[in-house]
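So you can see what is in the structure, the chains are spelled out below.
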Amino acid sequence: MILRKTVFTPQQEEKPTREGFGEGLMIAGEKNERVVALCADLTESVKMDGFRAKFHDRFFETGITEQAMSGVASGMASMGYIPFMASYAMFSPGRNWEQIRTTIAYNNVPVKIVGAHAGISVGPDGATHQAIEDVAIMRMIPTMEVFVPCDAIEARVITEYVATTKSPSYIRLTREKTPLLLPDSYVWNHGRGYVMYLAQHKHGGEFTHKVAIIGCGPILYEAIKAAMELEKEGIGVTVINMPQVKPLDVGYLLRVAHEVRAIVTVEEHQVTGGLGSAVAEYLSEQYPLRVGRVGVNDRFGQSGKVSELYEEYGLTSKHIAQKVRETLH
Amino acid sequence: MHSLTDIEVQALTLRAEDIRESIIKMLLEAGSGHTAGSLGMTDIFTALYFRVVRHNPRHPEWVERDRVILSNGHIAPVLYATMAHAGYFSVSELKTLRRFGTRLQGHPHRGTLPGIETSSGPLGCGLSQAIGMALMDRLEGHKPDRYFYCCMGDGEINEGQVWESFLLLNKYKLNKVISIIDRNTIQIDGYTEDVLPLESLKDKLESFNFHVIEIDGHDFKDIVRAIGTAKSSLDKPTVIIAHTIPGKGVTQFEGDYRWHGKSPNEQEAKEALKELRTFRGKVKFGEL
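Asker: Looking at this structure, how should I read the confidence of the model for chain B?
Answerer: Detailed reading of the predicted coordinates is not advisable wherever pLDDT falls low. Model confidence for chain B is summarised by a mean pLDDT of 95, while 98% of its residues fall at 70 or above. The complex prediction reports pTM at 0.96, with the ipTM value standing at 0.95.

Here's what the structure looks like:
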């Protein structure tokens, strides 16, 4: 079980995942001088400003040209470099999907696409800026690897990792500060799923039901809260992080499926096309069991505070717990 | 680069006619593909691969090579035919164009066929890639001395991504990027000035602060001279507007936009080959 000791204590720390990315990019830039970065007029926002200051000649401001930026990054990669190209997820990969598909993925060059401000937690900016389809559109592209870090620490570690791989990669980041869920000692384990929370037998005797919640991204915090709530009702929940949505750690998924009565997936994304789909697709062929999916249900987002939006779109721990109960019945 | 002698022009002309023959044959065999643009760009591709570009067909991955980026991937037949005649692979492989299992995909795929610098087909993507390559070349201090040739269609310039790329090209003043626009005035739905007017193209490009050269895209001396001038431009990127005749070399294809995306049938191919082999009746069939 991997969980930071300070979570749910008064010492709980918070940091946005994009900040972890910025730290990871600095480290990757130090380690490998072939790491270069491109940004479409959002350098501070996507936390590339540190890299820009330190590696000025390896940073390229493209202006608001997400489509051309993809091509420039592809050209750089074909010359033997590792370009990280960042914008808001709504614009990249939102606007430049075909360019990513043809000139990056079909060319099979190691461009690292960083989609910041993903999810509805962008909040006040509203639906135009809330990318909740990005994992789906990236997951469908052959050769593309898809990562959804759960906190700033995982974002840093994933960034360092993808700088060493030869595949095109997509990393999904969020804007708001969210709790640090992983210890500082966390190391990347090749995209394997892992347990973040395991229900304890506090009340004596066995749990009536065993359920796994499988999630990705900062919403796992809500998932863990839901598991704690369900524990009081005698429902034993294991919370699992799947930080790499593609390729998915199906071996682990299958082992988990054998041990539980139902699985509930959790993500800040449309329920179609994301992690929930990936899990349901695999299990329906290999080991059919009840799968409930928590996510946005075929709707656009809107302006609001994160707490208001989580409530409206059914993403709070309360909604997750309810989905677990429904899935069991 | 010295200017071409008449004998050199003659050699390139013969080479281009061989390549045109291969294009007609491979399109006939494939039963689909883009005829007009391929024939229209044959002289430029011949000049590039047999005169201008530093490359090594035996070592397509040679790091010091110039890069030829074909942005309008639908004219792949001229790229494939030129590469085959240059020695990248056997001319006989050309007949596999568009067939299942072929290295000669309907639109080029980087990785399938050595020597293909990028996958293309969806329009407007090439120039930005040439920019990315040239930026890394600059980061390495222009060592070795490499050039980045981006061939694109005129209809392709409808794409917004091309204009994004023009902005970037001006920003970074990448003089090692030499863009060649095939100004054949046709696109699928008709003549470019009817579909979406581009004129005055030269003025537009000059307003981006590019070094713009207009040439006859079928005149080898003109082509080679323009590229020589482009290489001597040390402060500005060069864009060559190459006026070409779509379907060049075959009377029935020339200047007719309907041949943009069509391949010849057996009778049409036979007539086209006859015309090419006889240099339009100037020499007797069989003498070549």
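Asker: In this structure, what is going on with unusual backbone geometry? I would like to understand it.
Answerer: Trans is the prevailing form of peptide bonds, just as negative phi is the prevailing case for residues other than glycine. Put simply, B:Lys143 and B:Pro144 share a cis peptide bond, and its omega is -5 degrees. Examined against the element boundaries, B:Pro144 turns out to sit in the loop between α5 (126-139) and β2 (148-153). For the peptide bond that leads from B:Glu199 to B:Ser200, omega is 0 degrees, which places it in the cis range. Within the element layout of this structure, B:Ser200 appears in the loop between α7 (192-195) and α8 (201-207). The phi dihedral of A:Asp298 is positive, around 55 degrees, even though this residue is not glycine. With respect to the helices and strands, the residue A:Asp298 is situated in the loop between β14 (290-296) and α10 (306-312). One non-glycine residue, B:Arg98, adopts positive backbone phi at about 70 degrees. Relative to the helices and strands, B:Arg98 is located in the loop between α4 (76-86) and α5.

Asker: What should I look at first to understand the environment of A:Glu160 in this one?
Answerer: Residues and elements named next belong to chain A. Considering the arrangement of structural elements, one finds Glu160 in helix α6 (residues 152-162). Looking at Glu160, the number of C-beta atoms within 10 Å reads 18, which means it is partly exposed. Taking C-alpha positions, Glu160 is 5.3 Å from Gly24, a pair spaced 136 residues apart along the chain. Beyond its immediate sequence surroundings of up to four residues, Glu160 is in contact with Gly24, Ile27 and Ala28.

Reading the values: the criteria
The residue numbers shown here count from 1 along each chain, following its written sequence. Throughout, the order in which chains and ligands are written sets their labels, letters from A for the former and numbers from 1 for the latter. In keeping with the model being predicted, local features are shown solely for residues with a pLDDT of at least 70 and side-chain atom pairs are shown and tallied solely at 80 or more, while totals for entire chains, interfaces and linings include all residues. The quantity known as pLDDT measures the predictor's confidence residue by residue, on a range of 0 to 100. Helix and strand assignments come from DSSP, with helices taken as H or I runs of at least 4 residues and strands as E runs of at least 2, each series counted from the N terminus. Put simply, a residue is buried when 20 or more other C-beta atoms lie within 10 Å of its own C-beta and exposed when 12 or fewer do; between those, it is partly exposed, and each C-beta is set from the backbone. We call two residues in contact if the C-beta atoms placed from their backbones are at most 7 Å apart.

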